[in-house]
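# Structural description and commentary
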Amino acid sequence: MSKVAVFNEKLENAGEIELPVKYSEVNPHNLYLYVKSYLAAVRSNTAHTKTRSEVSGGGKKPWRQKGRGGARAGSTRTNVWVGGGVSFGPSNERNYIQKINKKQKRLALERALFERAEQGKIFAVESIDIESGKTKDANSFINNFKVRDALIVGDLSSVDSLESAKRIQNTFLAYRNLTNCYAIDVSEINAYLVKVYSAVIIEKSALDKIIKEG
């Protein structure tokens, strides 16, 4: 079974959490399909060529139908004329979205978490809070785990007062200026983010919530 290291408030090792056995039994193809779908959804569809109906001009017949000894022509904007439309070119109306169902999304997340846990790159902490709101404190927090970059996952469901909301705001501001991390709420976690970052630093309550929802 894959295990997640647990750290206390002083960032001292305080035990382990075992991921459910079913995480290891998920077919990796579910993860592949989700990542493929995610990247397709964020793809920028900018390549576009104009068809003959979109090219300006060409409203007048170039020459009379008969009597010239040449081929007939109805418009200067057909695809066989220089400056005319393009046949079968790329269109910005193309939809690249590849749909996958809710179950596959969940299976992909479970597989991604399993693979990171197998590598020893998931760290469960009591809190990701940076109360000072300073980026240097956030950087120091991440450096404790000796990782190249990290996905920071918090649990915002505990927000119950203006004071706690301010504390969470300071925390996310502190992480925002760092290029080697990305801070999110547990409700935003997905398989792609788990795979794109080399490590996951997650609040214990958030990890418990993910396991429980499965």
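Residues numbered from 1 in each chain as written. Predicted model: local features only at pLDDT ≥ 70, side-chain atom pairs only at ≥ 80, totals over all residues. Heavy atoms only, no water.

With that settled, consider the overall build of the protein. A count of helical and extended segments in the protein gives six helices and six strands. Listing each helix as α and each strand as β along the protein from the N terminus yields β-β-α-α-β-α-β-α-β-α-β-α. Here the C-alpha radius of gyration of the protein, 27 Å, is well above what a compact globule of 214 residues would show, namely 17 Å. Across the protein, the fraction of contacts at a sequence separation of at least 24, relative to all contacts at a separation of at least 6, is 73%. As displayed, the protein offers around 13200 Å² of accessible surface, 48% of which is attributable to carbon and sulfur atoms. Here the protein contributes 34 positively and 23 negatively charged side chains, and the mean placements of these two sets differ by 21 Å. (Helix = DSSP H or I, 4+ residues; strand = E, 2+ residues; numbered from the N terminus. Rg over C-alpha atoms; globule rule 2.2 N^0.38 Å. Contact = heavy atoms within 4.5 Å. Areas by Shrake-Rupley, 256 points an atom, 1.4 Å probe, with all protein chains shown as cover. Lys, Arg positive; Asp, Glu negative; His and termini not counted. Charge placed at Lys NZ, Arg CZ, Asp CG, Glu CD.)

What follows concerns the packing of aromatic side chains. Across all of its chains, the model carries eight aromatic pairs by this definition. With a centroid separation of 5.1 Å and an interplanar angle of 35 degrees, the aromatic rings of phenylalanine 123 and phenylalanine 145 are classed as tilted. A residue pair is termed long-range when its members are at least 10 positions apart, and phenylalanine 123 in strand β3 (residues 122-125) and phenylalanine 145 in the loop between α3 (135-143) and β4 (150-154) qualify at 22 residues. The two residues phenylalanine 123 and phenylalanine 145 agree in class, both being buried. Clustering of aromatic rings is evident, with ring pairs tying together Phe7, Phe123, Phe141, Phe145 and Tyr175. One residue, arginine 43, lies across the ring of tyrosine 96, its end atom 3.8 Å from the ring centre. (Phe/Tyr/Trp six-rings, centres within 6.5 Å; stacked < 30°, edge-to-face > 60°. Buried < 20%, exposed > 50% of the residue type's maximum accessible area, 1.4 Å probe, protein only. Lys NZ or Arg CZ within 6 Å of the ring centre and 35° of its normal.)

Another aspect to go through is helix α2 (residues 102-118). With 17 residues, α2 extends 25 Å from end C-alpha to end C-alpha; this agrees with the ideal 24 Å at 1.5 Å per step. Turning to α2, its buried residues are Gln104, Arg106, Ala108, Leu109, Glu110, Arg111, Ala112, Leu113, Phe114, Glu115, Arg116 and Ala117. Buried-residue contacts for α2 involve β1 (3-7), α1 (28-41), β3, α5 (191-196) and α6 (204-213). Of the residues that open α2, the one with a side-chain oxygen 3.2 Å from the backbone nitrogen of lysine 103 is asparagine 101. Two residues or fewer past α2, glycine 120 is found with a positive phi of approximately 70 degrees. (Expected span 1.5 Å × (residues − 1). Polar contact = N/O pair within 3.5 Å; in protein donor to acceptor, adjacent residues only side chain to side chain.)

Moving on, we get to the side chain of arginine 116. Following the sequence through the fold, arginine 116 ends up in helix α2. Buried charge without a salt bridge: arginine 116, with glutamate 115 as the nearest opposite-charge side chain at an N-O distance of 5.9 Å. What arginine 116 contacts, discounting residues up to four positions off in sequence, is Lys121, Ile122, Val194, Lys195, Tyr197, Ser198 and Ala199. (Salt bridge = Lys/Arg side-chain N within 4 Å of Asp/Glu carboxyl O.)

This next bit is on the sheet that holds β4. Ordered in space as β2-β1-β3-β6-β4-β5, the six strands form an open sheet in which the pairing is mixed. With one partner strand each, in any of the chains shown, β2 (13-18) and β5 (181-185) form the two edges of the open sheet. Strand-to-strand twist across the sheet, computed as the mean angle between neighbouring axes with direction ignored, equals 25 degrees. Where β4 meets β5, five bridges bridge the pair, whose relative direction is parallel. Across the sheet, the residue bridging to isoleucine 152 is alanine 183, located in β5. (Pairing = 2+ DSSP bridges. Axes fitted to C-alpha atoms, helices over the stretch in contact; angles between N-to-C directions.)

Two elements in contact, α2 and α6, have axes whose closest approach is 11 Å; the angle formed by their N-to-C orientations is 130 degrees. Between α2 and α6, the crossing angle belongs to the class labelled oblique. Seen from above, α2 lies across α6 with left-handed handedness. Residues Arg106, Leu109 and Leu113 of α2 pack against Ile210, Ile211 and Glu213 of α6. For the contact of α2 with α6, the class distribution of residues is four nonpolar, no polar and two charged. (Parallel < 35°, antiparallel > 145°, perpendicular 65-115°, else oblique. Left-handed = near helix turned anticlockwise from the far one by under 90°. Nonpolar A, V, L, I, M, F, W, Y, C, P; charged D, E, K, R; others polar.)

Structurally, aspartate 149 can be placed in the loop between α3 and β4. A distance of 2.7 Å separates a polar atom in the side chain of aspartate 149 from the backbone nitrogen of serine 198.

Shape descriptors only; they carry no functional weight alone.
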